[in-house]
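Architecture at a glance
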Amino acid sequence: MDEGICKLVSGRRKKAIELFDQSLSYSENAVAYNFKATAFKLQGDNMQEAIDNYSLTIKMDSLNWLAYNSRGEEYLKKGDVKSALADFSSVIKLRPKNKTGYKNRGIIRMQNRQYVKAYRDFSFGVSLDTTDYDLYFNRAICSISVKQYENAHNDLNFILRHKPRGYEAYYAKYKIEMLKNDSLSAIVYLDSASKFKRISNNYNLEFLALAKSLSDHQSIIKAYGRMIRFNPYNQKYLFERAMVYYSNKEYSSAIGDFNKFLRRKEQPGKALYYLGVSLKNLGKTELGGKYIKQAVENGFRPK
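Report follows, based on the coordinates. (Residues numbered from 1 in each chain as written. Predicted model: local features only at pLDDT ≥ 70, side-chain atom pairs only at ≥ 80, totals over all residues. Heavy atoms only, no water.)

1. Regarding the overall build of the chain
A count of helices and strands for the chain gives 18 helices and zero strands. For 303 residues, the compact-globule estimate of 2.2 N^0.38 gives 19 Å, and the chain exceeds it by more than 25% at 29 Å. Along the three orthogonal principal directions, the C-alpha set of the chain runs to about 95 × 45 × 30 Å. When each of the 303 residues of the chain is scored for burial, the buried share is 46%. Look at the contacts in the chain between residues 6 or more apart in sequence, and 41% of them connect residues 24 or more apart. A total of about 16,800 Å² of accessible surface is found on the chain, and carbon and sulfur atoms cover 49% of it. Counting 51 positive and 31 negative side-chain charges, the chain places the centres of these two groups 7 Å from one another. (Helix = DSSP H or I, 4+ residues; strand = E, 2+ residues; numbered from the N terminus. Rg over C-alpha atoms; globule rule 2.2 N^0.38 Å. Buried < 20%, exposed > 50% of the residue type's maximum accessible area, 1.4 Å probe, protein only. Contact = heavy atoms within 4.5 Å. Areas by Shrake-Rupley, 256 points an atom, 1.4 Å probe, with all protein chains shown as cover. Lys, Arg positive; Asp, Glu negative; His and termini not counted. Charge placed at Lys NZ, Arg CZ, Asp CG, Glu CD.)

2. Quick look at the environment of Leu-76
Checked against the element boundaries, Leu-76 lands in helix α5 (residues 65-78). Through-space distance from the C-alpha of Leu-76 to that of Tyr-291 is 63 Å; in sequence the pair is 215 residues apart. Leaving out residues up to four positions away in the same chain, Leu-76 has contacts with Ala-84, Ile-108 and Gln-111.

3. Some remarks on the pattern of salt bridges
Scanning the model with the defined rule gives 17 salt bridges in all. As a salt-bridge pair, Arg-71 and Asp-87 come within 2.7 Å of each other at their nearest N and O atoms. On the criterion of sequence distance, the pair formed by Arg-71 in helix α5 and Asp-87 in helix α6 (residues 81-94) is long-range, its members being 16 residues apart. In this structure Asp-87 comes out as buried when scored by relative accessible area, which is 3%. Lys-180 serves as the salt-bridge partner of Glu-177, at 3.6 Å between the closest nitrogen and oxygen. Looking at Glu-177, the relative accessible area reads 5%, which means it is buried. Take Lys-180: its relative accessible area is 42%, and that puts it in the partly exposed class. Each of Lys-99, Lys-103, Asp-129, Asp-132 and Asp-134 takes part in a single network of salt bridges with overlapping partners. (Salt bridge = Lys/Arg side-chain N within 4 Å of Asp/Glu carboxyl O.)

4. Examining the packing of helix α2 (residues 13-26) against helix α3 (residues 30-43)
Two elements in contact, α2 and α3, have axes separated by 9 Å at closest approach and are oriented at 160 degrees. Classed by the angle they form, the pair α2 and α3 counts as roughly antiparallel. For the crossing formed where α2 meets α3, the hand is left-handed. Here Arg-13, Lys-14, Ile-17, Phe-20, Asp-21, Ser-23 and Leu-24 of α2 come into contact with α3, specifically with Ala-32, Tyr-33, Phe-35, Lys-36, Ala-39, Phe-40, Leu-42 and Gln-43. For the contact of α2 with α3, a count of residues per class yields nine nonpolar, two polar and four charged. (Axes fitted to C-alpha atoms, helices over the stretch in contact; angles between N-to-C directions. Parallel < 35°, antiparallel > 145°, perpendicular 65-115°, else oblique. Left-handed = near helix turned anticlockwise from the far one by under 90°. Nonpolar A, V, L, I, M, F, W, Y, C, P; charged D, E, K, R; others polar.)

5. Concerning the nonpolar core
Of all hydrophobic cores here, the largest spans 61 residues; its most connected members are Leu-156, Leu-190, Tyr-224, Tyr-246, Phe-258, Tyr-273 and Tyr-274. Broken down by element, this core gets its largest block of residues, eight residues, from helix α15 (residues 235-247). Not counting residues within four places of it along the chain, the set of residues in contact with Tyr-274 comprises Met-243, Tyr-246, Phe-258 and Phe-300. (Core = buried A, V, L, I, M, F, W, Y, C linked by side-chain atoms within 4.5 Å.)

6. Thoughts on unusual backbone geometry
Glycine aside, the phi torsion of most residues is negative, and most peptide linkages are trans. A positive phi angle, near 65 degrees, is found at Arg-113, a position not held by glycine. If you trace the backbone, Arg-113 turns up in the loop between α7 (99-111) and α8 (115-128). Within the chain, Lys-147 stands out as a residue other than glycine whose phi angle is a positive 65 degrees. Structurally, Lys-147 can be placed in the loop between α9 (133-145) and α10 (149-162). Classification of Lys-147 by relative accessible area gives exposed; the value is 63%.

Listed below in structure tokens is the structure:
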């Protein structure tokens, strides 16, 4: 048994299963079944084997709440929501002072749009652990779903007081304001969500779209800046920002972006043309004319 546990901890799961089977051949016991189930669970592709062994664990030790919880997680992966819900309810009965059962059951209920029941579960979880911010966040989502926006804001504000860079909380607050048709308040929260989420460009793109709908020039520029920093090789964003500067008659900034674009682009006709016009608008007529001529030579014809 001990050797099997060592193999499991070191990641040698198949060998661990063999050793647990060997132990079970001498004497059936809940501990070996539980570790064997865990080995199958960690393999990731043996859900039914994990479920079967957790069931044998529970059969031999009906008070093992961790086995119920782990089996519930496997049922959930398999899509058997009813069985998962039953197991998480058993966890609550066995450990009513532990947040785990409430949290997992709440997630299932939330996914099945049982928002009031889910809210109640998350609230029980919060009463047992006031530092689990996932509980506050999930409770906020339930509040949003039943249009209790003030309650949602309270939970999200609590998260942000402790996690000031919590982009998911800012994004949820943005969604609330959009549901209230308050785009001006929404863009403030989306700005923060976009600022702090640096692993994806999705929020930046959404921020840009909202900024454009509001004709918010500063936010448009801010969004493009983040998009360019996230993906400096996407020249499309650089050129689009240059055109925004140009349209707003910020010719010096436009020239800077057009020059960067031209250093990296093989067919720069359009950029050459607007660079030339920007220079002419700044009084550099001869140099501007040179770039406009190059644009025409590159096949660009302004409409």
